[in-house]
Amino acid sequence: MTGVLPSQVLRQLISDGILTGSPDITEAQIQPASLDLRLGTVAYRVRASFLTGEGATVAERLAEFEMHRIDLSAGAVLEKGCVYVVPLMEHLDLPDTIQAVANAKSSTGRLDLLTRTITDGGVEFDRIAPGYTGPLYAEICPRSFSVLVRPGMRLNQIRFRQGQAVLSDAELKQLHADERLVSGEALISDGLGFSVDLSPSEGTLVGYRAKPHTGVIDLDRIAHYDPAEYWEPIHSTEGRIILDPGAFYILVSREAVHIPPQYAAEMAPYLAMVGEFRVHYAGFFDPGFGHGAAGGTGSRGVLEVRCHEAPFVLEHGQVVGRLVYEQMAAEPETLYGAGISSNYQGQGLKLSKHFR
């Protein structure tokens, strides 16, 4: 079995004790091609972000960098601009044939809540080597808004794969010919390129910029917050905007994207040489995202953009990121958007689910 492991195989891994949790993993955590990870009961405020390094454990590094610890049991605020490490409720006992990659969930990314997974002996964020046995931790750095968190909240997710699953450009071109992966012309180079929409078919709203001084966001509150208190709408009549250094933007792709049921995809950054900005990895695109049979007719990708050192002119149609497609080991029993609580099927320009 080669490819990304679908929901039914994840259930088998849980049954076999390869994926365990304390408390036990719940059905609600299982997505079509990934498993949601839950925050534990304590957060460690640390002096700086770190990678564990070969031969070391996260617990040992926490002893070096911990400033203080916070009990999350009754809920606690993680402050904007600070770095925290939170032990997760899940534990892995992977065989040598299975590796894993983690990523922030869509709603996490749209709040500019930098969330990465670290492991004992880890030398990369979010990448977990075949055969890893041990605990999982989330490194959390709220960058635009302070957030209220509680144990059990699911900020990131993990995907498991066997063997080489990434499609080559030639395979991707053939898949596009067969399935039509994107509206408009397909730019295929180390994945499927996508560009930014700054010339909407209706109106002038092209995105949102996070306000610098806002209140706390309780991550359990859905459709609760007034966007105007947290976001400044960005309008354009000329097909371009100027990105401010250090500012965080929510924009949208010009293309509508389609992920067929036998495939999954991951957003990856585009070449740094194209400009002074970075599109965050918003997370995974599940099988069925934008798929007609799952209630979608192509879904546009929401872009989380942060400008770096210099103001930068971003123009309509500029390529800003790429989708890396992967083969599923088997089609998931349930597709994204088909009878599960999928917040972003058929989306356009859309803030996280916390805003009304």
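For the structure itself, consult the block above.
No experiment lies behind these values; they were computed from the predicted model shown.

Engineer: Give me the lowdown on the overall build of the protein, citing residues and values where you can.
Structural biologist: Looking only at helices and strands, the protein has four helices and 26 strands in total. In summary, the protein has a C-alpha radius of gyration of 20 Å against a globular reference of 21 Å for 356 residues, a match within 12%. Here the protein, with 356 residues, has 54% of them falling under the buried criterion. Total accessible area on the protein is roughly 14800 Å²; 48% of this is exposed by carbon and sulfur atoms. Across the protein, the 30 positively charged side chains and the 43 negatively charged ones have centroids separated by 5 Å.

Engineer: Got a sec to walk through the packing of aromatic side chains? Specific residues and values, please.
Structural biologist: Per the counting criterion, the structure on display carries nine aromatic pairs. With a centroid separation of 5.5 Å and 75° between ring planes, the pair formed by Tyr-225 and Tyr-230 is classed as edge-to-face. Look at Tyr-225 and you get buried, because its relative accessible area is 9%. Here the aromatic rings of Phe-285 and Phe-289 are separated by 4.9 Å at their centres, their planes lie at 85°, and the arrangement is edge-to-face. Judged by relative accessible area, Phe-285 falls into the buried class, the value being 6%. Judged by relative accessible area, which is 5%, Phe-289 ranks as buried. Joined through ring pairs, the aromatic side chains of Phe-145, Tyr-225, Tyr-230, Trp-231, Phe-248 and Phe-355 make up one cluster.

Engineer: For the sheet that holds strand β18 (residues 231–235), give the residues involved together with the corresponding values.
Structural biologist: With antiparallel pairing, the five strands of this open sheet are ordered in space as β18-β16-β20-β24-β22. Each edge of the sheet is formed by a strand with only one pairing partner; in this case those strands are β18 and β22 (277–279). Averaged over neighbouring strand pairs, the angle between their axes works out to 35° when direction is ignored. Inspection of the sheet shows strand β16 (residues 205–210) paired to β18 by five bridges, in the antiparallel sense. If you follow Tyr-208 over to β18, its bridge partner there is Pro-233.

Engineer: Outline the nonpolar core, listing residues and values.
Structural biologist: Ranked by internal contacts, the top residues of the largest apolar core, which has 51 residues, are Leu-19, Leu-94, Ile-158, Phe-160 and Trp-231. When residues in this core are grouped by element, the largest group, four residues, is from strand β7 (residues 83–93). Ignoring anything within four residues of it in the chain, the contact list for Leu-94 reads Ile-18, Leu-19, Ala-100, Ile-128, Ala-129, Gly-131, Tyr-132, Thr-133 and Phe-160. Ranked by size, the runner-up nonpolar core spans 34 residues in total, among them Leu-181, Leu-243, Cys-307 and Val-320.

Engineer: Explain the sheet that holds strand β6 (residues 76–78) residue by residue, including any values.
Structural biologist: Strands sit in the order β6-β12-β17 across an open sheet of three strands; the sheet is mixed. Looking at the sheet topology across the chains shown, the edges are occupied by β6 and β17 (217–218). With three bridges joining them, β6 and strand β12 (residues 147–149) adopt antiparallel strand pairing. Across the sheet, the residue bridging to Leu-78 is Val-147, located in β12.

Engineer: How would you explain helix α4 (residues 169–179) if you had to name every residue and give the values?
Structural biologist: Taken residue by residue, α4 has Leu-172, Leu-175 and His-176 as its buried positions. All buried residues of α4 fall inside an arc of 100° around its axis, so they share one side. Opposite the packed face of α4, turned more than 90 degrees from it, sit the exposed residues Ala-170, Ala-177 and Asp-178.

Engineer: Account for the pairing of strand β11 (residues 133–142), with residues named and values stated.
Structural biologist: The element β11 is largely enclosed, with a buried count of eight among its 10 residues. As defined by bridge partners, β7 adjoins β11 across seven bridges and the pair is classed as antiparallel. Bridged to Pro-87 within β11 is Tyr-137. The sheet contact formed by strand β9 (residues 113–119) and β11 spans seven bridges and is antiparallel. The residue of β11 that forms the bridge with Ile-118 is Tyr-137.

Engineer: Pulling in residues and values, what's your account of the side chain of Asp-112?
Structural biologist: Position of Asp-112 among the secondary structure elements: in the loop between α3 (106–110) and β9. For Asp-112, a relative accessible area of 1% translates into the label buried. In terms of polar contacts, Asp-112 uses its side chain to reach the side chain of Ser-144, at 2.7 Å.

Engineer: I'd like a rundown of helix α1 (residues 7–15), residues and numbers included.
Structural biologist: Every buried residue of α1 is accounted for by Ser-7, Val-9, Leu-10 and Leu-13. Angularly, the buried residues of α1 cover 155° about the axis, an arc narrow enough to put them on a single face. On its buried face, α1 sits against β2 (19–21), β3 (35–37), β8 (98–104) and β13 (156–162).

Calculation rules
- Residues numbered from 1 in each chain as written.
- Predicted model: local features only at pLDDT ≥ 70, side-chain atom pairs only at ≥ 80, totals over all residues.
- Heavy atoms only, no water.
- Helix = DSSP H or I, 4+ residues; strand = E, 2+ residues; numbered from the N terminus.
- Rg over C-alpha atoms; globule rule 2.2 N^0.38 Å.
- Buried < 20%, exposed > 50% of the residue type's maximum accessible area, 1.4 Å probe, protein only.
- Areas by Shrake-Rupley, 256 points an atom, 1.4 Å probe, with all protein chains shown as cover.
- Lys, Arg positive; Asp, Glu negative; His and termini not counted.
- Charge placed at Lys NZ, Arg CZ, Asp CG, Glu CD.
- Phe/Tyr/Trp six-rings, centres within 6.5 Å; stacked < 30°, edge-to-face > 60°.
- Pairing = 2+ DSSP bridges.
- Axes fitted to C-alpha atoms, helices over the stretch in contact; angles between N-to-C directions.
- Core = buried A, V, L, I, M, F, W, Y, C linked by side-chain atoms within 4.5 Å.
- Contact = heavy atoms within 4.5 Å.
- Arc of directions from axis to C-beta.
- Polar contact = N/O pair within 3.5 Å; in protein donor to acceptor, adjacent residues only side chain to side chain.

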